[in-house]
Amino acid sequence: TFFFSSRRRHTRCREVSWARRCVQETGYQRRVHGDFKFKDMASAILDKAAIKIGWIGTGVMGKSMCRHLMKSGYNLFIFNRTKEKTEELVKEGAIYTEPENLAKMSDIVFTMLGYPHDVESVILGEKGILHSMKKGAYLIDHTTSSPALAEKIFLEAQKLGINSLDAPVSGGDVGAKAGKLAVMVGGNPEHLEFVKPLMQCYSANIALMGKAGFGQHTKMSNQIIIAGQMIGVVEGLIYGHKAGLPLVPMIELLSKGAASSFALTSYAPRMLKRDMAPGFFVEHFVKDMEIALAECNSCLLYTSDAADEGLGVDLGGRR
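Since this is a predicted model, take the numbers as computed values, not measurements.

Asks: Help me understand the nonpolar core, please; the structure alone is not making it clear to me.
Replies: Looking at soluble globular proteins, one finds that nonpolar side chains tend to be buried together. Counting 32 residues, the largest nonpolar core has Trp55, Met65, Leu76, Ile108, Ile140, Met199 and Tyr202 as its most contacted members. Within the residue set of this core, elements represented by two or more residues are β1 (52–56), α3 (62–71), β2 (75–79), β4 (108–111), β5 (138–141), β8 (181–186) and α9 (189–199). Tallying contributions element by element places α9 first for this core, with five residues. Setting aside residues no more than four positions away along its own chain, Ile140 makes contact with Ile108, Val109, Phe110, Thr111, Leu165, Ala167, Val195 and Met199. Judged by nonpolar contacts, the second largest core, of 18 residues, contains Ile129, Leu130, Leu139 and Ile162.

Dropping the structure here:
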């Protein structure tokens, strides 16, 4: 008994030493506000129960992301516009509360919403959570939204002493359930370093892409690429079917070559099984493409409208 007890104490000491060394090397120190009081990052990492996390948006992906945080030992305050979508998480231990109260109580707030107008209303609106959050708190928006709106939120949050990151994700419902999402982040490096342990609960890859708004710009690139892949997979399957090819072996073979993609390996088999269970609202993808088109026009990239106006390609900067 003494041996195992000593061993546990030794392991904990090593964890504390490692975390404190990170603090000393980086100079990161948690702000003190409300009753959330830690001297350094080491205490925050080890005392998960004391960190107050708020999550707004428990839809197809948000619910799985919340679940990973809860399984990792974090306590969550949650809100969703359709309350029924929070019931499973509440049964598992989450606490349902209204956005204003959630913002007041939380030290770190995550949002995972549908449209840019939802983000603007929830965060910056008359009853927006930004007005209720504590000074020194963190706001992480996982919604795929407008880069310009992300910049606006960052500046407004900065005025109030709140640390804001735009952090859209990729991987769909499959990635969310498996905890293997990719997170593309815009904002300050030190802010990402503080919340990264939380993101790692549901993500396999996290990268800072630049200043505020650059997480959203990266997601636009992601959606443009995915759109082309999905169309290509559908056309390829139709061609193979019309030519009389065995589609399952065809998919398996092409997945090992240059045509391999997430759309081919994940979506094509579901198409063959007529598995049409939604993993993402098509309306949201249309919204993403509308944002991408608007950004293309502002970057002087060719779109059908831009071509009609005689605009060329200028990858060197924005208008």
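Asks: Any chance you could explain empty space enclosed by the protein here in plain terms?
Replies: Over the atoms rolls a probe the size of a water molecule, and in doing so it shows where empty space is left. Applying the stated rule across the entire model yields two cavities of 30 Å³ or more. Reported here for the second largest cavity is a volume of approximately 50 Å³. Around the second largest cavity, the lining residues are Asp141, Ser145, Ser146, Leu149, Ala150, Ile153, Ser164, Leu165, Asp166 and Gln216. Mapped onto the lining of the second largest cavity, the elements with two or more residues apiece are α7 (147–159) and β6 (163–166).

Asks: Would you mind going over the packing of aromatic side chains with me for this structure?
Replies: Aromatic ring pairs are described here by two measures, namely the spacing of the ring centres and the angle between the planes. Summed over all chains, the structure comprises six aromatic pairs. With centroids separated by 5.0 Å and ring planes inclined at 20 degrees, the aromatic side chains of Trp55 and Phe110 adopt a geometry described as stacked. With Trp55 in strand β1 and Phe110 in strand β4, this pair connects stretches of sequence that are 55 residues apart. The buried category is assigned to Phe110, whose relative accessible area is 0%. Where Phe79 meets Tyr96, the ring centres are 5.8 Å apart and the plane angle is 35 degrees; that geometry is what we call tilted. With Phe79 in strand β2 and Tyr96 in strand β3 (residues 95–96), the pair connects residues that are 17 residues apart, well separated along the chain. When its relative accessible area of 22% is taken as the criterion, Tyr96 is described as partly exposed. Clustering of aromatic rings is evident, with ring pairs tying together Trp55, Phe110 and Tyr202.

Asks: Would you mind going over α7 with me for this structure?
Replies: Structural remark: α-helix, 3.6 residues per turn; residues separated by three or four positions point the same way. Between the first and last C-alpha of α7 there are 19 Å, a value that for 13 residues agrees with the 18 Å anticipated at 1.5 Å per step. Residues of α7 that are buried include every one of Pro147, Leu149, Ala150, Ile153, Phe154 and Ala157, and no others. For α7, the angular spread of the buried residues around the axis is 155 degrees, confining them to a single face. Against α6 (116–124), β5, β6, α10 (214–243) and α13 (282–298) lie the buried residues of α7. A distance of 3.2 Å separates the backbone nitrogen of Ala148 from a side-chain oxygen at the start of α7, and that oxygen is part of Ser146. Downstream of α7 by a residue or two, Gly161 has a phi angle that is positive, lying close to 75 degrees.

Asks: What's the story with the environment of Tyr74 in this structure? I'm lost.
Replies: You can see Tyr74 is positioned in the loop between α3 and β2. On the basis of relative accessible area, Tyr74 is assigned to the buried category, the value being 7%. C-alpha separation for the pair Tyr74 and Ala94, spaced 20 residues apart in sequence, amounts to 9.5 Å. Excluding its chain neighbours within four sequence positions, the residues that come into contact with Tyr74 are Lys48, Ile51, Ile53, Leu69, Leu198 and Cys201.

How each quantity is defined
Numbering of residues starts from 1 in each chain and follows the order in which that chain's sequence is written. Two thresholds apply to this predicted model, a pLDDT of at least 70 for residue-level local features and 80 or more for giving and counting side-chain atom pairs, whereas whole-chain, interface and lining totals are computed over all residues. For the side-chain quantities, the full set of heavy atoms in the structure was used; hydrogens and water were omitted. Each nonpolar core is a collection of buried residues, namely Ala, Val, Leu, Ile, Met, Phe, Trp, Tyr and Cys, held together in the definition by side-chain atoms within 4.5 Å. Buried residues are those whose accessible area, probed at 1.4 Å on protein chains only, stays under 20% of the maximum for their type, while exposed residues exceed 50% and partly exposed ones sit between those limits. Numbering of helices and strands starts at the N terminus; helices are DSSP runs of H or I of at least 4 residues and strands are runs of E of at least 2. Any two residues whose heavy atoms approach within 4.5 Å are treated as being in contact. Only protein atoms enter the calculation, which uses a 1 Å grid: trapped sets of points that fit a 1.4 Å probe without letting it out are cavities, open sets showing protein on both sides within 12 Å along at least five of seven lines are pockets, and any residue with an atom within 4 Å of a point is a lining residue. Grid points are joined across faces, edges and corners, and a volume is the space filled by probe spheres set on the points. Side-chain rings of Phe, Tyr and Trp (the six-membered ring for Trp) are treated as a pair once their centres are within 6.5 Å; stacked means planes under 30 degrees apart, edge-to-face means over 60, and tilted covers the remaining angles. Helix span, expected: 1.5 Å multiplied by one less than the number of residues in the helix. Taken from the helix axis, the directions to the C-beta atoms give the arc we talk about. Residues adjacent in sequence count toward polar contacts only when both atoms are side-chain atoms; beyond that, a polar contact is any pair of N or O atoms within 3.5 Å, and within protein one must be able to donate a hydrogen and the other to accept it.

All quantities given are derived from atomic positions and should not be read as evidence of function.
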